[in-house]
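A look at the structure
Read off the chains here:
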Amino acid sequence: MRRTLSTAVALTVATGGLTTVLAIGGPASAAPTPAADVPAGMLAAMERDLGLTESQARQRIADEAVAAKTEQQLRKQLGAGFAGAWVENSALVVAVTGDREAAAVRAAGASAKVVERSAADLDSTKSRLDAKSGAAGDAISGWHVDAKSNSVVLLAAPGATTAAAEFIRAAGVDAATVDVVTVDESPRPLYDVVGGDAYYMGGRCSVGFSVVGGFVTAGHCGTVGTPTQGYNNVAQGTFQGSSFPGEDMGWVATNSSWTTPPLVNNYAGGTVTVTGSAEASEGSAICRSGSTTGWHCGTLQVKNSTVNYPQGTVYGLTRTNVCAEPGDSGGSWLTGTEAQGVTSGGSGNCSFGGTTYYQPVNPILSAYGLTLVTG
């Protein structure tokens with residue numbers, strides 16, 4: 001199967017299966033209360049980029065916070081019958097492999113979609129593609145599990161159908177489980193990028209989120225031992241961890257001249273106080289902060305994407321339809337006040353739209369044993 005995807009819109013795939021639409025929380029539940037503590041700069045960006053009123057933006061944040069919690073509960077409850085989840089019109093849809101699991105989803109107040117393959121099946125297919133990433137070639141920009149289509153989506157350049165088929169064969173996966181999508185994009189790390197405040201290390205990148213003892217950022221911004229200077233060119237710290245390619249994660253230990261409050265620059269004259277790092281569901285609204293382009297918002301499209309950068313393959317990134325430009329790498333991604341990740345790379349720009357990937361923040365914290373600073 002072959003289809004075309006615009007780099008500026010979310011994945012939308014029509015598939016078969018049983019869908020029963022119910023509001024999150026069940027018919028007897030009251031509607032979620034609109035989120036109160038949402039930074040003004042984030043609301044303004046959501047209004048501009050998502051076409052929402054302030055009230056709609058607050059309500060969406062509240063609805064999607066409920067969806068994220070429900071998804072995690074059902075993921076554990078359904079086990080091998082879980083096949084993925086996403087938010088659609090602020091309602092949670094959960095894909096499952098049988099009618100019994102569908103009944104459990106509906107009982108939790110979400111919508112159920114019965115599909116052929118479980119999340120574990122799709123993850124296995126993706127893992128086999130990951131294992132053969134060296135055979136992907138420049139015509140293939142990445143691949144990821146797409147819960148909506150119940151397939152693994154392979155992103156290929158126009159005219160690269162043969163190259164995609166050869167890669168699928170080389171990986172030894174069932175071609176029926178892989179959906180080749182034509183995209184006009186060539187992801188690249190955004191070296192001259194700032195998400196929060198700028199920092200320098202020969203080039204320029206951005207602070208992602210404060211952790212105890214320093215901050216997290218993109219791994220492609222520096223290697224272990226690379227010294228950094230802050231936005232004011234004062235000596236700031238040293239990279240203590242860095243991984244790229246493979247992952248795009250790093251962290252900098254700061255010196256005694258710097259403190260690490262739980263803040264992100266909103267580029268509207270204020271800051272956002274980070275309260276945690278609860279992972280948002282696919283389909284949720286998400287916003288990015290960068291010193292080159294300021295606040296921009298869009299949709300979290302798919303998680304666990306594999307991206308084939310010129311420098312090497314990176315696994316486990318999250319794909320969005322939010323724009324970014326050079327100068328935004330390492331920067332902060334948030335849903336409400338929850339930290340989501342740091343800018344990795346992408347294609348396009350903020351004049352014409354684009355696709356941007358971020359490295360999720362929780363794997364960074366886990367890999368380096370770090371503690372997120374929250375307010």
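Definitions and limits used
- Residues numbered from 1 in each chain as written.
- Predicted model: local features only at pLDDT ≥ 70, side-chain atom pairs only at ≥ 80, totals over all residues.
- Heavy atoms only, no water.
- Axes fitted to C-alpha atoms, helices over the stretch in contact; angles between N-to-C directions.
- Helix = DSSP H or I, 4+ residues; strand = E, 2+ residues; numbered from the N terminus.
- Parallel < 35°, antiparallel > 145°, perpendicular 65-115°, else oblique.
- Left-handed = near helix turned anticlockwise from the far one by under 90°.
- Contact = heavy atoms within 4.5 Å.
- Nonpolar A, V, L, I, M, F, W, Y, C, P; charged D, E, K, R; others polar.
- Disulfide = S-S within 2.5 Å.
- Buried < 20%, exposed > 50% of the residue type's maximum accessible area, 1.4 Å probe, protein only.
- Expected span 1.5 Å × (residues − 1).
- Arc of directions from axis to C-beta.
- Salt bridge = Lys/Arg side-chain N within 4 Å of Asp/Glu carboxyl O.
- Phe/Tyr/Trp six-rings, centres within 6.5 Å; stacked < 30°, edge-to-face > 60°.
- 1 Å grid on protein atoms, 1.4 Å probe; cavity = no way out; pocket = protein on both sides within 12 Å on 5 of 7 lines; lining within 4 Å.
- Points joined across faces, edges and corners; volume = space filled by probe spheres on them.

One can describe the packing of helix α2 (residues 54–78) onto helix α3 (residues 99–107) by two numbers: an axis separation of 11 Å at closest approach and a directional angle of 150°. Judged on the interaxial angle alone, α3 and α2 are roughly antiparallel. Pair α2 / α3 crosses with right-handed handedness. Counted together, Leu74, Gln77 and Leu78 of α2 and Glu101, Ala104 and Val105 of α3 form the full contact between these two elements. Of the residues contributing to the contact of α2 with α3, the split by class is 4 nonpolar, 1 polar and 1 charged.

Right, let's get into unusual backbone geometry. Cis geometry is adopted by the peptide bond preceding Pro245, which originates at Phe244 and carries an omega value of -5°. Relative to the assigned elements, Pro245 resides in the loop between β15 (235–243) and β16 (249–254). The residue Ser90 is not glycine, and still its phi comes out positive at about 65°. Counting through the fold element by element, Ser90 comes out in the loop between β3 (82–88) and β4 (91–96). Phi is positive for Tyr267, which is not a glycine, with a value near 50°. Mapped onto the secondary structure, Tyr267 falls in the loop between β17 (263–265) and β18 (271–273).

With that out of the way, let us pick up the state of the cysteines. Tallied over the entire structure, the rule returns 3 disulfides. There is a disulfide in this structure between Cys287 and Cys297, and the S-S distance comes to 2.1 Å. When the S-S torsion is 100°, as for the bridge of Cys287 with Cys297, the disulfide is right-handed. Separated by 10 residues along the polypeptide, Cys287 in strand β19 (residues 285–290) and Cys297 in strand β20 (residues 294–309) bring together distant segments of the chain. The two residues Cys287 and Cys297 agree in class, both being buried. Once the bonded cysteines of the chain are numbered in order along the sequence, the disulfide links fall as 1-2, 3-4, 5-6.

Turning to helix α4 (residues 119–131), a few remarks are in order. Counted at 1.5 Å a residue, the expected span for α4 with its 13 residues is 18 Å, and the 18 Å between its end C-alpha atoms agrees. Taken together, the buried positions of α4 are Ala119, Leu122, Thr125, Lys126, Leu129 and Asp130. Around the axis of α4, the buried residues are gathered within 145° of arc, so they sit on the same side. Facing away from the buried side of α4 by more than 90 degrees, the exposed set consists of Ala120 and Ala131.

Taken as a whole and judged by the stated rule, the model has 9 salt bridges. Across the pair Arg75 and Glu71 runs a salt bridge, and its minimum N-O distance is 2.9 Å. On the criterion of helical spacing, the pair formed by Arg75 and Glu71 is a turn pair, its members being 4 residues apart in helix α2. As a salt-bridge pair, Asp130 and Lys126 come within 3.0 Å of each other at their nearest N and O atoms. Placement of both Asp130 and Lys126 in helix α4 is noted, with a separation of 4 residues, approximately one turn of the helix. On the basis of relative accessibility, which here comes to 14%, the residue Asp130 falls in the buried class.

Once that is clear, we can look at the packing of aromatic side chains. One pass over the full model with this rule turns up 6 aromatic pairs. Geometrically, the ring pair formed by Tyr199 and Phe239 is tilted, given 6.5 Å between the ring centres and 50° between the ring planes. Placement of the pair is Tyr199 in strand β10 (residues 198–200) and Phe239 in strand β15, with a sequence separation of 40 residues. For Tyr199, a relative accessible area of 0% gives the class buried. Connected via pairs of aromatic rings, a cluster forms that spans Tyr199, Phe215 and Phe239.

By volume, the largest pocket amounts to about 550 Å³. Around the largest pocket, the lining comprises 28 residues; the ones closest to its centre are Arg75, Glu279, Glu282, Lys303 and Asn304. Contributions of two or more residues to the lining of the largest pocket are made by α2, β3, α4, β20, β21 (312–320), β23 (338–349), β24 (353–360) and α6 (361–368). A class-by-class count of the residues in the lining of the largest pocket yields 13 nonpolar, 9 polar and 6 charged. As a volume, the second largest pocket reaches approximately 460 Å³. Every residue lining the second largest pocket is counted, 25 residues in all, and those nearest its centre are Ile61, Ala65, Ala278, Thr335 and Glu338.

For the pair helix α1 (residues 40–50) and α2, the least separation of the axes is 9 Å and the interaxial angle reads 100°. Compared by their axis directions, α1 and α2 come out roughly perpendicular. Contact residues: Leu43, Met46, Glu47 and Leu50 in α1; Glu54, Ala57, Arg58, Arg60 and Ile61 in α2. Split into classes, the residues belonging to the contact of α1 with α2 amount to 5 nonpolar, no polar and 4 charged.

It is worth spelling out α1 at this point. Note that an α-helix has 3.6 residues per turn; residues three or four places apart therefore point the same way. Buried within α1 we find Gly41, Met42, Leu43, Ala45 and Met46. Each element contacted by the buried residues of α1 is listed here: α2, β19, β20 and β22 (332–335). Directly beyond the C-terminal end of α1, a positive phi value near 70° is found at Gly51.

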